[in-house]
Amino acid sequence: MISKSLARNLVLPTILFSLAGLLSCQKLTDVMRPFMLSEDQEVELGDQFKAQILSDTETYPPYTGSQKVTDFVDSLGQYLASVQTDRPDLKFTFTIIDDDEQVNAFAIPGGHVFVYTGLLKNMKNASELAGVLAHEIGHITQYHGADKMVQGNALELVNTIFFNESDSASITGAIAGLLENMVFLSFSRKDEFEADSCALAYSINADISPEGMKDFLAFLKSEYGDQPKIFEPMSTHPLLSDRIKKINAIISKSSDVPDDMYENEYSKIKGLI
Ligand SMILES: [Zn+2]
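Please read all numbers here as calculations on a predicted model, not as lab measurements.

Enquirer: How should the overall build of the protein be read in this particular structure?
Expert: Along the protein, the regular secondary structure elements total 12 helices and three strands. Counting all 273 residues of the protein, 52% fall into the buried class. For the protein, long-range pairs separated by at least 24 residues make up 75% of all intrachain contacts whose partners lie at least 6 apart in sequence. Element-wise, carbon and sulfur atoms account for 53% of the exposed surface of the protein, whose accessible area totals about 12,600 Å².

Enquirer: Whenever I open this one, the pairing of strand β1 (residues 93-97) confuses me. Can you help?
Expert: Remember that side chains alternate between the two faces of the sheet whenever the strand is regular. Of all the five residues making up β1, five are buried; the element is thus mostly covered by neighbouring parts of the structure. A two-sided burial pattern is seen for β1, the buried positions comprising T93, T95 and I97 on one face and F94 and I96 on the other. Pairing geometry for β1 and strand β3 (residues 112-116), over five bridges, is parallel. By the bridge assignment for β3, F94 is matched with V113.

Enquirer: Is there a simple way to think about the pairing of β3 in this case?
Expert: For β3, the tally of buried residues reaches five of five residues, placing the bulk of the element in the interior. Pairing of strand β2 (residues 105-108) with β3 involves four bridges; the strand directions are antiparallel. Directly across from A105, in β3, lies its bridge partner V115. Hairpin connection from β2 to β3: three residues lie between these consecutive antiparallel strands, with G110 at a positive phi of about 95 degrees.

Enquirer: What is the right way to look at the packing of helix α5 (residues 126-141) against helix α10 (residues 211-224) in this model?
Expert: For any two helices packed against each other, the geometry is given by the interaxial angle and the distance between the axes. At a minimum axis distance of 7 Å, the contact between α5 and α10 shows a crossing angle of 95 degrees. When the interaxial angle is binned, α5 and α10 end up roughly perpendicular. When α5 is examined against α10, the residues S127, E128, G131, V132 and H135 are found in contact with a partner set consisting of G212, M213, D215 and F216. Partitioning the contact of α5 with α10 into residue classes produces three nonpolar, four polar and two charged.

Enquirer: Can you walk me through the pattern of salt bridges in this structure?
Expert: As a working rule, side chains carrying opposite charge can pair if their charged atoms are close by. Within the structure shown, the criterion is met by 11 salt bridges. A salt bridge links D191 to K148; the shortest N-O distance between them is 3.2 Å. In this pair, D191 is assigned in helix α9 (residues 189-205) and K148 in helix α6 (residues 144-149), connecting sequence segments 43 residues apart. Through salt bridges with shared partners, one network takes in K148, K190, D191 and E194.

Enquirer: What is the right way to look at the sheet that holds β3 in this model?
Expert: Note: strands within a sheet are paired through backbone hydrogen bonds, in either parallel or antiparallel orientation. Across the sheet, which stays open at both edges, the three strands sit in the order β1-β3-β2 with mixed pairing between neighbours. A strand with exactly one partner marks an edge of an open sheet, and here the two such strands are β1 and β2. Direction aside, neighbouring strands of the sheet carry axes that sit 20 degrees apart on average. Sheet strands touched by helix α2 (residues 39-55): β1, β2 and β3. Its angle to β3, the strand with the most contacts, is close to 25 degrees. Set on the sheet, α5 makes contact with β1, β2 and β3; between it and β2 the angle comes to about 25 degrees.

What counts as what
- Residues numbered from 1 in each chain as written.
- Predicted model: local features only at pLDDT ≥ 70, side-chain atom pairs only at ≥ 80, totals over all residues.
- Heavy atoms only, no water.
- Helix = DSSP H or I, 4+ residues; strand = E, 2+ residues; numbered from the N terminus.
- Buried < 20%, exposed > 50% of the residue type's maximum accessible area, 1.4 Å probe, protein only.
- Contact = heavy atoms within 4.5 Å.
- Areas by Shrake-Rupley, 256 points an atom, 1.4 Å probe, with all protein chains shown as cover.
- Pairing = 2+ DSSP bridges.
- Axes fitted to C-alpha atoms, helices over the stretch in contact; angles between N-to-C directions.
- Parallel < 35°, antiparallel > 145°, perpendicular 65-115°, else oblique.
- Nonpolar A, V, L, I, M, F, W, Y, C, P; charged D, E, K, R; others polar.
- Salt bridge = Lys/Arg side-chain N within 4 Å of Asp/Glu carboxyl O.

If you want it as structure tokens, here you go:
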């Protein structure tokens, strides 16, 4: 349950801004999607991945701490998802994994975002968290993971799931194989720049400072170097300094930096994570 005051805060900005002015992600190239999963197939696969992840409590321990923290992450995520117009009909979920060692978050196809407590504890404010959540939402809205599923070796496994007369054991095996390889997390540099541009667009649409994503990347750089393997470790990440440079170029073009609406709520839950 979302507290009444938080629910009120979440409703307010939707009334204040005009839908006509919503920003979208910057497409870096024309995306060729010669063979792709249908929306229904992506959602079905995503739901099965999520169920498998939740059932593996040793690798992905569920967060059982404060409900206020769970509610805040979900509310902020749902709000960011509601102000993006790239995939407005997709249902998103936001799940916390209890592992302080992982300064990490990831998104799987079908609308599911996972955030580790290690990342939450290293966030300085709500706009940083919003930036990371919006970046993960961007990977989903731009089909980065879904398209990886139908490339290379993963295609055979996807075929087993959807297109062959497979028995349930083969289907379960194929899903486990895809999950084990985490193919849907092996994002390219182009994917990362695109997800960053989504993070800025969605943060601005949500009336949250777009500086958050940049501040978080600057923190990672100072803590772990310019090309750390810590955030989305499967990804072929560009240098953090290149990402920060591109983010600055986009932010400088946006006319006004909006007020942060979530900092007050964030300060209340920060100590509870
Ligand atoms: Zn990413």
